[in-house]
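Each chain is listed here by its residues.
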Amino acid sequence: MSEADRGEWGVAPPSQVPSGTWLVADVGGTNARFGLVEGPGGALSEVRALPTRDHPGLAEAAAAYLDAVGVRPVAACLAVAGPVTNGTFHLTNAGWPEGDPEAVRAHLGLAHLDVINDFEALALALPHLGDDDLVSLGRGRPDPGAPLAVVGPGTGLGVAGLVRTPSGYVPLPGEGGQVDVPAATDREIVVTRLLRAEKGAATAEYLLSGAGLARIRRYLAAIDGRPALNLTPRQISEDRDDPLCREAVDMFCALLGSLAGNVALTLGARGGVYLGGGILPRIADVLQGSAFRARFEGKPPVEDYMRAIPTALIVHPGPALVGAAARLAQSLPDLEPA
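Residue positions are given per chain, counted from 1 along the sequence in the order it is written. Reporting of local features is limited, given that this is a predicted model, to residues whose pLDDT is at least 70; pairs of side-chain atoms are given and counted only at 80 or more, and all residues count toward the totals for whole chains, interfaces and linings. Here the side-chain values reflect all heavy atoms present in the structure, with hydrogen atoms and water set aside.

1. Description of the confidence of the model for the protein
Then, number 1: Predicted confidence across the protein gives a mean pLDDT of 90, with 93% of residues reaching 70 or more.
Then, number 2: pLDDT: the predictor's confidence for each residue, scored from 0 to 100. The contact rule is simple, with two residues in contact once any of their heavy atoms fall within 4.5 Å. Low pLDDT, under 50, characterises residues 1-17; the predicted model gives this stretch 36 contacts beyond four residues in sequence or across chains.

Now the structure itself:
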């Protein structure tokens with residue numbers, strides 16, 4: 001994205017935003033990452049990760065972070081890995097109960113609080129990422145006025161879009177990780193059958209996530225009559241000697257390419273499809289050499305349409321925090337200073 005785009009779209013002028021410290025967060029099923037921002041355009045500071053399991057809810061985790069850094073912010077945007085609907089939020093892959101944003105705001109003593117989906121925040125970050133924050137995956141050139149999309153496997157699988165309007169960028173959050181597995185090869189079809197037999201549904205998140213990578217390797221071992229082993233997703237992604245680990249990672253990348261292509265077609269994301277989440281940066285070299293891009297483009301009869309769409313891996317260490325700050329810059333101009 002150009003510097004002009006970053007300054008012109010979706011960020012309020014500093015003069016319209018009340019002064020003070022903002023709290024931003026990216027809360028997943030495993031870790032809750034928090035940081036501080038001094039107003040619009042400010043750099044992230046005091047970024048820390050807290051294990052989600054160590055806290056009974058979002059308010060308590062945020063309070064623990066603020067106690068540790070000794071700061072009381074005026075506003076916050078907390079991005080959570082789960083749906084935010086009808087005035088409530090739910091963290092899909094954690095044991096926290098359904099939450100009420102107003103209760104969290106009161107608990108933390110904030111003048112303003114936004115609670116949004118984590119991939120809504122990741123989508124909002126896209127206009128603010130520079131070349132050093134991205135690794136290109138194949139060809140394609142972005143259409144500057146077209147929608148963008150972000151897809152990311154981590155503890156779960158997130159999907160979101162971003163649409164440019166005259167008044168700023170508008171995110172399109174959803175639960176795209178819950179679509180069906182886009183199996184194409186014979187081996188993928190058998191893996192999908194095993195998944196359906198075990199889980200009762202062939203949901204993409206069951207394969208395109210950390211637990212999903214381990215599941216793929218276990219299914220491949222069952223197909224070949226080999227020991228399943230008890231390997232973590234990190235062990236599987238880093239083991240380049242074990243043939244089943246290599247195949248599991250290759251299948252993971254290929255399925256992700258098909259899913260990302262489906263998202264691009266659904267949203268008309270000719271502005272680009274970006275890959276986030278915690279898994280992919282660890283296997284960036286494998287991803288670049290995998291079938292990801294071929295499967296992304298392989299959508300007859302619209303291959304030419306797909307070839308024109310760029311894809312890139314996000315390597316910024318905290319993009320959802322950047323997006324949370326962008327959300328506050330959009331929503332805070334209407335807030336009267338305290």
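Moving on from the coordinates now.
2. Re the environment of Phe252
Then, number 1: The numbering of helices and of strands both runs from the N terminus, where a helix is a DSSP run of H or I of at least 4 residues and a strand a run of E of at least 2. Tracing the chain through its elements places Phe252 in helix H8 (residues 243-267).
Then, number 2: Expressed as a C-alpha distance, the spacing of Phe252 and Arg217, which sit 35 residues apart in the sequence, is 9.7 Å.

3. Some thoughts on helix H3 (residues 101-108)
Then, number 1: Of all the residues in H3, the buried ones are Pro101, Val104 and Leu108. Looking straight down H3, one finds that the buried residues subtend no more than 60° of arc, so they occupy a single side.
Then, number 2: Where the residues of H3 are buried, they touch helix H2 (58-69), strand S4 (75-80), strand S6 (88-89) and strand S7 (112-117).
Then, number 3: Any N or O atom pair separated by 3.5 Å or less is treated as a polar contact, with the protein-specific requirement of one donor-capable and one acceptor-capable atom, and with residues adjacent in sequence counted only for side-chain atom pairs. The backbone nitrogen of Glu102 lies 3.1 Å from a side-chain oxygen of the residue at the head of H3, namely Asp100.
Then, number 4: Looking one or two residues past H3, Gly109 carries a phi angle of roughly 70°, positive in sign. Note on exposure labels: buried denotes an accessible area under 20% of the residue type's maximum, exposed denotes more than 50%, and partly exposed covers the range between, all computed with a 1.4 Å probe on protein chains only. This arc is taken over the directions from the axis of the helix to the C-beta atoms.

4. Concerning the domain arrangement of the protein
Accessible area lost upon the coming together of the parts is a frequently used measure of interface size.
Then, number 1: Each assigned domain of the protein is listed here: domain 1 (21-117 + 318-331) and domain 2 (130-315).
Then, number 2: An automatic or database domain assignment provides the domain bounds reported here. Between domain 1 and domain 2, the C-alpha centre-to-centre distance is 27 Å.
Then, number 3: At the interface, eight residues of domain 1 touch seven residues of domain 2.
Then, number 4: Two parts placed together each lose some accessible area under a 1.4 Å probe, and adding up what both lose gives the buried area. Summed over both sides, the interface between domain 1 and domain 2 buries roughly 560 Å², with carbon and sulfur atoms accounting for 44% of that surface.
Then, number 5: When residues of domain 1 are sorted by the area they lose upon contact with domain 2, Asn93, Asn117 and Gln330 head the list and together hold 56% of the total.
Then, number 6: Summed over the shared surface of domain 1 and domain 2, the number is two residue pairs in polar contact (both at pLDDT 80 or more).
Then, number 7: Polarity classes work like this: nonpolar for Ala, Val, Leu, Ile, Met, Phe, Trp, Tyr, Cys and Pro, charged for Asp, Glu, Lys and Arg, and polar for all others, with Gly in that last group. Tallied by class, residues from the side of domain 1 that touches domain 2 come to two nonpolar, six polar and no charged.

5. Focus on helix H6 (residues 210-224)
Then, number 1: Its 15 residues place the ends of H6 22 Å apart at the C-alpha level, agreeing with the 21 Å of an ideal helix rising 1.5 Å per residue.
Then, number 2: The complete set of buried residues in H6 reads Gly210, Gly212, Leu213, Arg215, Ile216, Arg217, Tyr219, Leu220 and Ala221.
Then, number 3: Residues of H6 that are buried sit in contact with helix H5 (186-199), helix H7 (233-238) and H8.
Then, number 4: In this structure Ser209 caps H6, since a side-chain oxygen of it lies 3.0 Å from the backbone nitrogen of Gly212. Each helix should span, by expectation, one fewer than its residue count multiplied by 1.5 Å.

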